[in-house]
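An overview of the molecular structure
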Amino acid sequence: MDSFLASVRPASWPAFLRSSAEPPPPTGFSPSSSAPPPPTNAPDGAAAVSAALQRHRLLAGRAHAAIRAGLDAEERGAAGDALALYRRGRAELLSALQVRFADVEDRRAAEVENAKMRANLERVDERIRELAGVSAPG
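Our subject in this report is the structure included herewith. What you see is a predicted model, and the numbers here were worked out from it, not measured in a lab.

Moving on: the overall build of the protein chain. In terms of helices and strands, the protein chain carries five helices and zero strands. Tracing the protein chain from N to C terminus, the helices and strands come up as α-α-α-α-α. Counting over 138 residues, the protein chain shows a buried share of 33%. For the protein chain, the proportion of contacts with a sequence separation of at least 24, taken over those separated by at least 6, is 68%. Carbon and sulfur atoms form 56% of the exposed surface of the protein chain, whose accessible area is close to 8,000 Å².

See below:
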């Protein structure tokens, strides 16, 4: 069982993907919402978060939730469900990586998350390839 878990949640994956705890949802909106929340006034005169950055965070959160659910499904032995969830997470990652920012500061803030998402995309693609081979009829 330990080798199975190691293959499902490799040590090279970020800690938030290996843990079983759900990450807290981003504040101010629901992950099931398709539109980002309206910007709010930030305290102490700080700038409000742009709609693009909110959308980026929403998509990243959805991707994380789908990948987390895929890992859990794979642990339960539900390879087909895991594959579908990984594919959904992959689509959300790609959508988040496509978000364009007009503001340089927003772009810089998103780039840190983008680097993590690119690494996660590689790992999810690996899991998809492995599961697609396992669950393919034949």
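Further remarks concern the packing of helix 3 (residues 51-75) against helix 4 (residues 79-98). Closest axis-to-axis distance for the helix 3/helix 4 pair is 8 Å, and the angle between their directions is 165°. The angle between helix 3 and helix 4 falls in the class roughly antiparallel. Regarding helix 3 and helix 4, the two cross each other, and that crossing is left-handed. In contact with His 56, Leu 59, Ala 60, Arg 62, Ala 63, Ala 66, Ile 67, Ala 69, Gly 70, Leu 71, Ala 73 and Glu 74 of helix 3, helix 4 contributes Asp 81, Ala 82, Leu 85, Tyr 86, Arg 88, Gly 89, Glu 92, Leu 93, Ser 95 and Ala 96. Looking at side-chain class alone, the contact of helix 3 with helix 4 contains 13 nonpolar, four polar and five charged residues.

Another point: the pattern of salt bridges. One pass over the full model with this rule turns up six salt bridges. For Glu 111, the salt bridge is made with Arg 118, and the minimal N-O distance between the two is 3.0 Å. Several salt bridges converge on common partners, so that one network encompasses Glu 74, Arg 127 and Glu 130.

This part covers the side chain of Glu 92. One can find Glu 92 in helix 4. In this structure, Glu 92 is buried with no salt-bridge partner, the nearest side chain bearing the opposite charge being Arg 62 at 4.2 Å. Not counting residues up to four positions away in its chain, the partners in contact with Glu 92 are Leu 59, Arg 62 and Ala 63.

By the element assignment, Leu 85 lies in helix 4. Residues Leu 85 and Ile 128 lie 43 residues apart in sequence; the distance between their C-alpha atoms is 9.6 Å.

Moving on to helix 4. Residues that lie three or four places apart on an α-helix share one face, since the helix turns once every 3.6 residues. With 20 residues, helix 4 extends 28 Å from end C-alpha to end C-alpha; this agrees with the ideal 28 Å at 1.5 Å per step. Turning to helix 4, its buried residues number three or more, namely Ala 82, Leu 83, Leu 85, Tyr 86, Gly 89, Glu 92, Leu 93, Ala 96 and Leu 97.

On to helix 3. Taking 1.5 Å per residue as the helical rise, helix 3 with its 25 residues ought to reach 36 Å, and the 36 Å between its terminal C-alpha atoms agrees with that figure. Gly 77, located one to two residues past helix 3, shows a positive phi value of around 90°.

Turning our attention to the nonpolar core. Counting 22 residues, the largest nonpolar core has Ile 67, Tyr 86, Leu 93 and Met 117 as the members making the most contacts within it. Taken together, the elements giving at least two residues each to this core come down to helix 3, helix 4 and helix 5 (104-135). Apart from residues no more than four positions distant in its own chain, Met 117 is found in contact with His 56, Ala 60, Leu 93, Ala 96 and Leu 97.

Rules of the game
- Residues numbered from 1 in each chain as written.
- Predicted model: local features only at pLDDT ≥ 70, side-chain atom pairs only at ≥ 80, totals over all residues.
- Heavy atoms only, no water.
- Helix = DSSP H or I, 4+ residues; strand = E, 2+ residues; numbered from the N terminus.
- Buried < 20%, exposed > 50% of the residue type's maximum accessible area, 1.4 Å probe, protein only.
- Contact = heavy atoms within 4.5 Å.
- Areas by Shrake-Rupley, 256 points an atom, 1.4 Å probe, with all protein chains shown as cover.
- Axes fitted to C-alpha atoms, helices over the stretch in contact; angles between N-to-C directions.
- Parallel < 35°, antiparallel > 145°, perpendicular 65-115°, else oblique.
- Left-handed = near helix turned anticlockwise from the far one by under 90°.
- Nonpolar A, V, L, I, M, F, W, Y, C, P; charged D, E, K, R; others polar.
- Salt bridge = Lys/Arg side-chain N within 4 Å of Asp/Glu carboxyl O.
- Lys, Arg positive; Asp, Glu negative; His and termini not counted.
- Expected span 1.5 Å × (residues − 1).
- Core = buried A, V, L, I, M, F, W, Y, C linked by side-chain atoms within 4.5 Å.

Read these as layout, nothing more, since geometry by itself doesn't imply function.
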